[in-house]
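In case you want the letters, here they are:
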Amino acid sequence: MSSWQELDAELDAWSQAGRRALFWWRDDDATAPSPALERLLTLQAASNAPLALAVIPAAAEPALARRLEDLAAIAVLQHGHAHANHAPAGEKKSEFPASRPVTDSLADLRQGRSRMQALFGRRLRPVLVPPWNRIAAGLLPHLPRLGLHGVSGFKSRDDAWAAPGLMQVNTHLDPADWRRDAAFIGETACLAAAITHLRLMRDVAEPEALGLLTHHARHDGATWAFIARFLHHVAGHSGTLWVDVDAAFGAGPPQSATSPRASS
């Protein structure tokens, strides 16, 4: 059985149980219009899968806001402030490590949020995507005071990120191998990550949507090809639904324009 057939078998199990697996899509590091962004937007339009674009506030250009003006299926999230590493030497990269003064981190986040609101207005959602998917747990209780009521990282929910008034919805499938300069990690590894998450969620009363994480500025041809196939394949199954970021975070009903095919 191929990895795609294994994915279909898992989705069939959802369908047979009278349930639909939810999927959402986050793309990181947006700053400006580019050929790579156009390729991303073309994929989004072809698949009708809602897209949450994580934008770096300090680097965001007004031209990006203008490019997104008429694209109703694109939401914007705050991707830290400057995507600058403030972790001490020898530690994993983080813009908001525990070693950094809380007041400095909050000042950056407040400044970033103000710029995002000025550029993107109502398209901006109250969700923080910390660069490198890392943030000091001590900062999280402060986020709702800044108007940030959601946080999104990578892999399973982290109990250390729990805070009153803050919801965590992560991504789980990243096709880039960051140890090899973001080269495609391969279909087998990608689909195994998706299947693992779906199996864990199948019997959960309120399952976390499976998050696809992309980085449009860094993808090679093989990665783009996989993303296109994955979007189409998932949307075509009766046991699935692509949802927007509001639905993924529980702030609204599931929204998707995709038309499923019959389950195999």
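An account of the accompanying structure is given in this report. Remember, it's a predicted structure, so these values are computed and weren't measured experimentally.

This brings us to the side chain of H216. With respect to the secondary-structure elements, H216 resides in the loop between β9 (210-214) and α6 (221-235). On the basis of relative accessible area, H216 is assigned to the buried category, the value being 4%. Engagement of the side chain of H216 in a polar contact is seen with the side chain of D27, the distance being 2.6 Å. If sequence neighbours within four positions are ignored, H216 has contacts with D27, D28, A30, S34, A36, L37, L40 and W224.

The next thing to look at is unusual backbone geometry. Of note, the phi angle at H83 is positive, near 55 degrees, even though the residue is not glycine. Counting through the fold element by element, H83 comes out in the loop between β3 (74-78) and α4 (102-120). Phi is positive for K155, close to 75 degrees, though the residue is something other than glycine. Within the fold, K155 resides in the loop between β5 (150-151) and β6 (167-168).

Let us now look at the layout of surface pockets. Looking at the largest pocket, its volume works out to about 620 Å³. Looking at the largest pocket, it is lined by 25 residues, and the ones nearest its centre are W132, N133, R134, F154 and W178. In terms of residue count, the dominant contributor to the lining of the largest pocket is strand β1 (residues 21-30) (3 residues). Partitioned by chemical class, the residues of the lining of the largest pocket number 9 nonpolar, 7 polar and 9 charged. Put simply, the second largest pocket is a space of about 430 Å³. For the second largest pocket, the lining is made up of 18 residues, of which F154, K155, H172, L173 and A193 are closest to its centre. Top element by residues in the lining of the second largest pocket is helix α5 (residues 187-201). It accounts for 7 residues. Tallied by class, the residues present in the lining of the second largest pocket amount to 10 nonpolar, 4 polar and 4 charged.

Turning our eyes to something else, we now look at α4. In this model, α4 (19 residues) spans 26 Å end to end at C-alpha, consistent with the 27 Å of a helix rising 1.5 Å per residue. Looking only at α4, the buried set comprises S105, L106, D108, L109, G112, R113, M116 and F120. Down the axis of α4, the smallest arc covering the buried residues is 155 degrees, so these residues share one side. Seen from the open side of α4, the exposed residues pointing more than 90 degrees away from its buried face are T103, Q111 and A118.

Turning to empty space enclosed by the protein, a few remarks are in order. Under the definition given, this model contains 1 cavity of 30 Å³ or more. Here the largest cavity is characterised by a volume of approximately 50 Å³. Every residue along the wall of the largest cavity is listed here: W14, A21, L22, H197, L198, M201, P207, E208, A209 and L210. Among the elements of the structure, β1 and α5 are those that each provide at least two residues to the lining of the largest cavity. If one sorts the elements of the lining of the largest cavity by residue count, α5 sits on top with 3 residues. Residue composition of the lining of the largest cavity, by class: 8 nonpolar, 1 polar and 1 charged.

Looking now at the pattern of salt bridges. Following the criterion strictly, the structure yields 11 salt bridges and no others. E38 is paired through a salt bridge with R67; the nearest N and O atoms lie 2.7 Å apart. Placement of E38 in helix α2 (residues 35-47) and of R67 in helix α3 (residues 62-68) is noted, with a sequence separation of 29 residues between them. D108 is the partner of R100 in a salt bridge, and the nearest nitrogen-oxygen pair spans 2.7 Å. Through salt bridges with shared partners, a single network forms among E10, R199 and R202.

Mapped onto the secondary structure, F230 falls in helix α6. F230 sits 15 residues away from V245 along the chain, and the two C-alpha atoms are 18 Å apart. Residues in contact with F230, not counting those within four places in the same chain, are W4, L7, F23, L173, L191, A194, L212 and W242.

Rules used in this analysis
- Residues numbered from 1 in each chain as written.
- Predicted model: local features only at pLDDT ≥ 70, side-chain atom pairs only at ≥ 80, totals over all residues.
- Heavy atoms only, no water.
- Helix = DSSP H or I, 4+ residues; strand = E, 2+ residues; numbered from the N terminus.
- Buried < 20%, exposed > 50% of the residue type's maximum accessible area, 1.4 Å probe, protein only.
- Polar contact = N/O pair within 3.5 Å; in protein donor to acceptor, adjacent residues only side chain to side chain.
- Contact = heavy atoms within 4.5 Å.
- 1 Å grid on protein atoms, 1.4 Å probe; cavity = no way out; pocket = protein on both sides within 12 Å on 5 of 7 lines; lining within 4 Å.
- Points joined across faces, edges and corners; volume = space filled by probe spheres on them.
- Nonpolar A, V, L, I, M, F, W, Y, C, P; charged D, E, K, R; others polar.
- Expected span 1.5 Å × (residues − 1).
- Arc of directions from axis to C-beta.
- Salt bridge = Lys/Arg side-chain N within 4 Å of Asp/Glu carboxyl O.

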